[in-house]
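Chain residues, written in single-letter form:
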Amino acid sequence: MLENYLPILVFIMLGLGLGVGLELVGFILGKNKPDDAKNSPFECGFDAFEDSRSKFDVRFYLVAILFIIFDLEIAFLFPWAVVFNELGWFGVTTMAVFLALLVVGFIYEWKKGALEWE
Amino acid sequence: MNSFDITPFLPEVLMLILACLVLMIDLYSNDREKQLCYVTTQIGLVAILVYLLGQVNIEPVVAYGGTFVKDSLSQLLKIGIIIISGVSLVYARVFIRGRRFLRGEYYSLTVFAVLGMMVMVSANHMLSLYLGLELLSLTLYAMIAMERDNKLGVEAAIKYFVTGAIASGFLLYGISLLYGVTGHLQLDSMAKALAVEGDFSLVAKFAVVFVVAGLAFKLGLVPFHMWLPDVYQGAPVSVTALIASAPKIAGFGFAIRLLVDGLEPLAIDWQQLLLVAGIVSIALGNLVAIAQDNFKRLLAYSGIAHMGYFILGFYAGDNGGYAASMFYVLAYALMALAAFGLIVFMSRSGYEYETLDDMRGLGRKNPWYALMITFVMVSMAGLPPFIGFWPKLEIFRSLVASGYWQLAVYAIVFSVVGLYYYLRVIKVVYFDAPEQEFSFLPSRSIRFAITFNCISLLLLGLIPDSIYRYCLMALS
Amino acid sequence: MELTFQQLVFYGFSTLLLLSALMVILSRNSVKAVMFLVLCFVATSGLWMLLQAEFLAVALVLVYVGAVMVLFLFVVMMLDIDIAARRHGFTKLLPLALLVAIAFLFILHWLVGDNHFGLEQMEAPSDHDASYSNIRELGKMLYTDYFYPFELAAVILLVAMVAAISLTFRGKRSRKSQDIDKQVRVTKADRLRVIKMESSSSSQQTDSKSDEESNENKDKEQDK
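Residues numbered from 1 in each chain as written. Chains lettered and ligands numbered in written order. Predicted model: local features only at pLDDT ≥ 70, side-chain atom pairs only at ≥ 80, totals over all residues.

As recorded in an unreviewed UniProt entry, chain C goes by the name NADH-quinone oxidoreductase subunit J, listed as coming from Pleionea mediterranea. If you open the UniProt record of chain C and go to Subcellular location (unreviewed entry), you find "Cell membrane". (UniProt positions renumbered as here; feature names shortened; annotations may be inferred.)

An unreviewed UniProt entry lists chain A under the name NADH-quinone oxidoreductase subunit A, with Pleionea mediterranea as the source organism. Database annotation for chain A, UniProt heading Subunit (unreviewed entry): "NDH-1 is composed of 14 different subunits. Subunits NuoA, H, J, K, L, M, N constitute the membrane sector of the complex." The UniProt entry for chain A carries this comment under Sequence similarities (unreviewed entry): "Belongs to the complex I subunit 3 family."

Enquirer: Sorry, what's going on with helix 16 (residues 367-381) of chain B here?
Expert: Residues and elements named next belong to chain B. Between the first and last C-alpha of helix 16 there are 21 Å, a value that for 15 residues agrees with the 21 Å anticipated at 1.5 Å per step. Every buried residue of helix 16 is listed here: Tyr 369, Met 372, Ile 373, Phe 375, Val 376, Met 377, Val 378, Ser 379, Met 380 and Ala 381. Looking one or two residues past helix 16, Gly 382 carries a phi angle of roughly 90 degrees, positive in sign. (Helix = DSSP H or I, 4+ residues; strand = E, 2+ residues; numbered from the N terminus. Expected span 1.5 Å × (residues − 1). Buried ≥ 20, exposed ≤ 12 C-beta atoms within 10 Å, placed from the backbone.)

Enquirer: Quick question: what am I supposed to make of unusual backbone geometry here?
Expert: Most of the time, phi is negative for any residue but glycine, and the peptide bond is trans. Residues and elements named next belong to chain B. Here Val 222 and Pro 223 are connected by a cis peptide whose omega angle stands at 5 degrees. Within the fold, Pro 223 resides in the loop between helix 8 (201-219) and helix 9 (227-234). Of the consecutive residues Pro 384 and Pro 385, the connecting peptide bond is found in the cis state with omega at 5 degrees. Tracing the sequence through the fold places Pro 385 in the loop between helix 16 and helix 17 (389-401). Positioned with a positive phi, Lys 34 is a non-glycine residue whose angle comes to about 55 degrees.

Enquirer: Sorry if this is basic, but what is going on with the UniProt feature "transmembrane region" (unreviewed entry) in chain C here?
Expert: Residues and elements named next belong to chain C. The UniProt record marks residues 6-26, 33-51, 57-81, 93-112 and 146-169 with the feature "transmembrane region" (unreviewed entry), using the residue numbering of this structure. From the first C-alpha to the last, residues 6-26 spans 30 Å; its make-up is 100% helix and 0% strand. Here residues 33-51 runs as 95% helix and 0% strand, with 27 Å between its end C-alpha atoms.

Enquirer: Help me out: how do you make sense of the environment of Val159(C) in this one?
Expert: Structurally, Val159(C) can be placed in helix 8 (residues 147-168). Not counting residues within four places of it along the chain, the set of residues in contact with Val159(C) comprises Phe112(B), Leu135(B), Leu138(B) and Thr139(B). (Contact = placed C-beta atoms within 7 Å.)

Enquirer: Please clarify how the interface of chain B and chain C should be interpreted in this entry.
Expert: Many authors give the size of an interface as the accessible area that is lost as the parts come together. Contact residues are listed per partner, giving 30 residues for chain B and 21 residues for chain C. Secondary structure elements with two or more residues in the side of chain B that touches chain C: helix 1 (10-28), helix 4 (104-121), helix 5 (126-144) and helix 8 of chain B. By residue number, the principal contributor to the side of chain B that touches chain C is helix 5 of chain B, which donates eight residues. Taken together, the residues of the side of chain B that touches chain C sort by class into 20 nonpolar, six polar and four charged. (Nonpolar A, V, L, I, M, F, W, Y, C, P; charged D, E, K, R; others polar.)

Shown next, in the form of structure tokens:
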């Protein structure tokens, strides 16, 4: 079974090799003379006014967590789709109930307005 | 799977439908008071309760690929859970309106929590056991933080969440080891596999340590009790009334399913762990409670001590002991509900009588509710003829019957220590001069529920057999 | 000892996992720590693939790397954590933490290592042929035998939605932003209303007079 995934492994290795290798070549061959002025952060010639990290609106978080939940739901759909033919009505009903529960959640989100940005 | 039978888990299905229904009603009704949500929730809970009451004494049924079991024990525990959660909602209704977080989600989340507890007590598989626990915990985390402008509440939710997540991690690690050892996740098959002494008994013992640690976290046994006082104090009191009561019943169901149904062959190992946890909990809970000025924290530490007594019933290690524990946890849930219900009742918007000083002189200003507090305190202290006395007696009796009389003496000594702080509350209420006027939540339903709740402590104490008989039946 | 190719891959991924896990703890920048956590998950996914759990391996990348880590990044960026404060007490507690960690490591090695779960006790799972589908096996179990836990998972997801919204969502916000579409589409009828007025009666006159007076008063106040 694992031999099916050998191309993917090769692909990963190639990606890793290219990514690390090219960086490394640049690092070794390029001139690298850091000094204080070069290393200090600046904005248009000034010193940085503030940290680049700033507080996000909590709405981003809400969207992200709702995304995760539906993402998980989709993950459950894959095995179901693969064996769909063999499961019979019982399996179909199981998934229907599963989706119905998440539709309840979806209606809830929709009506609450959590999916609207403005 | 051709003949699918829905009746075994019909109560759970109905509970789920109820939760979704309440969620939808909240969305589609314009009622600011959420009366319809509340009424639907209560009617639904009562209907499911009636359905459960009709089939208490039944033959055990294992269904759904061995993930679910329905027996007298699960039915009784579900009945207890539903009654207690329903009463906690009566307390909550006016309280959350006064605190301005009256939202339909409060009701639907409570129903989801009840569903989680029901799943826990009738689980026959590690998966359903764990998922029920997570369903319960997740709803409780959300409910604690629901009053968003209350910093203490949010802090309590985070503490509860972090410790709860660690506990889940412990539990899962133990379960994974047990699965590695036995190759089963279904509890009865696991017990069968463990009964055969093999190379893995050492690993299984190690797994038991993790599982018991997770359980102790959830029950709030020392040394995993740190979250409990902060959560009880920080959470909105109506939520505390729920957390302190019904989940303990579910915790008992969890312990019985996991330890007795699933890990019976390793009883010696988990009994020792529980013994240590129980002994230390009784001592620490009772001693630290003496130093508390905050009534909620006092109740939290007393809760730790109560859980210590409760777990000693498992040490007795026979059905009599388990029945005593079950009796204990049902009685404790009722008492904790009454105690926190009283705090809910004595609050008004933005202020709670949460320190002992606040309750000074309640006896002169309002003798009736002072009497109610007395009932609760005396019952918690374990004096006859209140309900708090009998399960303690049963625990001691089962310990003595199993030959652990030293343990019984130890528990009795600390019960006497505990008497001190319960009586201190009564002293403050009756003998200190009042400093302020008392105002209560203006709600007839709460007043009625509180009175009913407190008087039931006395009435059930007069006929203790009414509950204990069923506990024995469930575990025989 | 000769390494098979599979073992080589295993050691490669586990080294990657251990190193990136260490970097999660050690890196000073919390965003970088999250990135290393992503690398952790990818390496774990490789290990799971070696265990022939192909669906779980892919789901790990899909769900954790694709979604959970995004959330992690949001959370890490949302809180601007003071790094100096975070590292406070790190060195003080380090010996104790190391002691616990090493003790735990030895216990674990002793318990779940070779002497209990080695090849002598448990034979290695047989390799499946190329047509074997892990997803198929999982699907056959999950939606029939384990439908009860499966539906419970759906309930937990539903509760997660309700909880997330009830905790973070503070209602629709009304903003006074321009909607250019609406502005363009506006017609005369929307803005202008022609009303037939009666010829002014006495009461209206007094009303308008008092209005004017109050306006004048306001003007005077402003002047002052």
